[in-house]
Amino acid sequence: MAGKNHKGCKSKLLKVVLLGDGGVGKSSLMNRFVSNKFDSQSFHTIGVEFLNKDITIDGKLFTLQIWDTAGQERFKSLRTPFYRGADCCLLTFSVDDRQSLQNLSMWKKEFLHYADIDDYDHFPFVVLGNKIDISEREVPTEEAEVWCHTNQMPFYETSAKDAINVDDAFHAAVKRVIELEKYTDHTKHLHTDTIDLSKKNQKGGCC
Ligand SMILES: Nc1nc2c(ncn2[C@@H]2O[C@H](COP(=O)(O)OP(=O)(O)OP(=O)(O)O)[C@@H](O)[C@H]2O)c(=O)[nH]1
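The rules behind the values
Residues numbered from 1 in each chain as written. Predicted model: local features only at pLDDT ≥ 70, side-chain atom pairs only at ≥ 80, totals over all residues. Heavy atoms only, no water. UniProt positions renumbered as here; feature names shortened; annotations may be inferred. Salt bridge = Lys/Arg side-chain N within 4 Å of Asp/Glu carboxyl O. Helix = DSSP H or I, 4+ residues; strand = E, 2+ residues; numbered from the N terminus. Expected span 1.5 Å × (residues − 1). Buried < 20%, exposed > 50% of the residue type's maximum accessible area, 1.4 Å probe, protein only. Contact = heavy atoms within 4.5 Å. Phe/Tyr/Trp six-rings, centres within 6.5 Å; stacked < 30°, edge-to-face > 60°. Lys NZ or Arg CZ within 6 Å of the ring centre and 35° of its normal.

As annotated in an unreviewed UniProt entry, the protein chain is small monomeric GTPase from Paralvinella palmiformis. In its Cofactor (unreviewed entry) section, the UniProt entry covering the protein chain states "Mg(2+)". According to its UniProt record, the protein chain has this under Sequence similarities (unreviewed entry): "Belongs to the small GTPase superfamily. Rab family."

Set out below in structure tokens:
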């Protein structure tokens, strides 16, 4: 959706949803990205919270509306109504918690169900493996890469604490939205051409 940001500049609004188990660092990633701050005493999110941030990619201004959702199971009914209208989704796990990686399939399924996505195969997901500053990892990089490769999603290892790769991961999400929009436009054009050609053939015309 196109609009104007708080400074009155033209920008494209993108809704970004952060999903993943409770405690993997979703709120911390959002706060690092938006305010460049980290709080080691952060509380569990209840329902959802959101913050906006303007970024420029390829010379175009985007306003990211970042929705940080509650990862705990008991808040499921409070978070799922907010998936609709999402332009991209950041699936987040923590590298010190293997179960949080294994749960990504569940998060993907929940998102696609409640967001009511038309094109399952071409929705822009990005995977974030957070807390790489912790030395006792449970998830080796290769293990996460396998899941991301199978699911055809870009993968970023991040640390909200040490500000590693956080900007890159959010920027990658926007780039993926742009790429997939181009893909959709391209396939629409191909589809239109096909119809035009078959009409000409039916009439027996030639070019
Ligand atoms: N070491 C380390 N700790 C982190 C990092 N990111 C978050 N934490 C800590 O992990 C805990 C949980 O972080 P949150 O950001 O609240 O996690 P969340 O995913 O939003 O949790 P819910 O709101 O319950 O879904 C907090 O104590 C954070 O300080 C990180 O990159 N490194």
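Picking up where we left off.
A. Representation of the pattern of salt bridges. In total, this model carries six salt bridges according to the counting rule given. Measuring nitrogen to oxygen at the nearest pair gives 4.0 Å for the salt bridge that ties E110 to K76. Here E110 is found in helix 4 (residues 104-115), whereas its partner K76 is found in helix 2 (residues 76-79), with 34 residues between them in sequence. Salt-bridge contacts for E157 lead to R137; the nearest nitrogen and oxygen are separated by 2.6 Å. With E157 in strand 7 (residues 155-157) and R137 in the loop between strand 6 (125-130) and helix 5 (141-150), this pair connects stretches of sequence that are 20 residues apart. Several salt bridges converge on common partners, so that one network encompasses K76, R79 and E110.

B. Quick peek at helix 4. Look at helix 4: 16 Å from first C-alpha to last across 12 residues, which is about the 16 Å you get at 1.5 Å a residue. Within helix 4 the residues assigned to the buried category are L104, W107, E110, F111, L112 and A115. Residues of helix 4 that are buried sit in contact with strand 2 (10-20), helix 2, strand 5 (88-94), helix 3 (98-102), strand 6 and helix 5. Positive phi shows up at D116, right after helix 4, with a value of about 60°.

C. Structural detail: the packing of aromatic side chains. Scanning the model with the defined rule gives nine aromatic pairs in all. Relative to F125, the ring of F111 has its centre 5.6 Å away and its plane inclined at 75°; by these criteria the two rings are edge-to-face. Of the two residues, F111 sits in helix 4 while F125 sits in strand 6, which places them 14 residues apart along the sequence. Neither F111 nor F125 differs from the other in exposure class; each is buried. Aromatic rings pair up to connect Y83, F111, Y114, F123 and F125 into one cluster. In this arrangement the basic side chain of K53 is found over the ring face of F33, its NZ or CZ atom lying 4.9 Å from the centre.

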